[in-house]
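Secondary and tertiary structure notes
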Amino acid sequence: MDCIFCKIANGEIPSDTVFEDDNFKVILDLSPASKGHMLILPKTHARDITELGEDIAGKAIVLAAKLGKASMAALGATGFNTLANTGESAGQTVFHCHIHVIPRYDDASSIVSWVPGQSDKEVQKETAKKIAECIR
Ligand code: 5GP
Ligand code: ZN
């Protein structure tokens, strides 16, 4: 399979590596949203977080917290965003699962945002029920 993140995760293509263990390689994003923007790459190919499996997903979120804290200690970040784009409509461009850890600074130079909408009580109730029925 011709997957760029498989090649990076397994060392075939060099990258600016922040951390590595048996399960993950953590690299700096080539087009960072902010200084220290990292990508957690699982070493085993999965298309997105829906294919990740509980063990690796759990370890990935723990690692994301550690990396975010490290960016605060090392770079002076005052917060961080952790996110995984899943599917084209959500902005996923590389289809090897990765988790973004984006340090945030008080100058608000990086953005991860949406426009808050309005909620309707009945619609919210119905929506919560619909989703709940489909959790597998
Ligand atoms: P997505 O849009 O799929 O959530 O995120 C893909 C991310 O991977 C983007 O932020 C993009 O800048 C980064 N990226 C794409 N190709 C490469 C690469 O070859 N090396 C590195 N370090 N980052 C990459
Ligand atoms: Zn891959």
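Here, the structure is the one placed above.
Described below are features of the structure shown in this document.

Conventions used here
- The residue count restarts for each chain, going from 1 along the sequence in the order it is written.
- To label them, take the chains in the order written and letter them from A, then take the ligands in the order written and number them from 1.
- Side-chain atom pairs in this predicted model are given and counted only at pLDDT of 80 or more, local residue features only at pLDDT of at least 70, and totals for whole chains, interfaces and linings cover all residues.
- Each side-chain value is worked out from all heavy atoms of the structure, with water and hydrogens disregarded.
- Elements are defined by DSSP. Helices are runs of H or I of four residues or more, strands are runs of E of two residues or more, and each kind is numbered from the N terminus.
- A helix is expected to reach a length of 1.5 Å times the quantity of its residues less one.
- Polar contacts, as counted here, are pairs of nitrogen or oxygen atoms within 3.5 Å of one another; within protein the pair requires one atom able to donate a hydrogen and one able to accept it, and residues that are adjacent in sequence qualify only if both atoms are side-chain atoms.
- Coordination here is defined by N, O and S atoms within 2.8 Å of the metal (3.2 Å for Na, K and Ca), and since water is not considered, a site can look incomplete.
- Geometry is assigned from donor-metal-donor angles: four donors are tetrahedral when every angle falls between 85 and 135 degrees, four are square planar and six octahedral when opposite donors sit over 155 degrees apart with all other angles between 65 and 115, and any other arrangement is irregular.
- When a residue's accessible area, from a 1.4 Å probe over protein chains only, is under 20% of the maximum for its type it is buried; when over 50% it is exposed; and in between it is partly exposed.
- Proximity criterion: a residue is near a molecule or strand once any of its heavy atoms comes within 4 Å of it.
- Residue-level accessible areas treat just the shown protein chains as cover; the underlying method is Shrake-Rupley with a 1.4 Å probe.

Points about helix H3 (residues 121–133)
Between its first and last C-alpha, H3 extends 19 Å over 13 residues, near the 18 Å set by a 1.5 Å rise per residue. The N-capping residue of H3, defined by a side-chain oxygen 3.1 Å from the backbone nitrogen of glutamate 122, is aspartate 120.

A look at the coordination of the zinc ion (ligand 2)
In the first shell of the zinc ion (ligand 2), the protein supplies Cys3 (SG), Cys6 (SG), His45 (ND1) and His96 (ND1), at 2.0 to 2.3 Å from the metal. Viewed at the metal, the four donor atoms of the zinc ion (ligand 2) are separated by angles of 105 to 116 degrees, and the geometry they form is tetrahedral. On the accessibility criterion, histidine 96 (0% relative accessible area) is buried.

Description of the site of ligand 1
Near ligand 1, the surroundings consist of 16 residues, among which Asp29, Asn85, Gly91, Thr93 and His100 are the closest. Here aspartate 29 contributes a side-chain N or O atom positioned 2.5 Å from an oxygen atom of ligand 1. Within the side chain of asparagine 85, an N or O atom sits 2.8 Å from an oxygen atom of ligand 1. Here ligand 1 has 520 Å² of accessible area as a free molecule, and 80% of this is covered by the chains. The dominant element in the shell around ligand 1, judged by the number of residues it contributes, is helix H1 (residues 4–9), at three residues.

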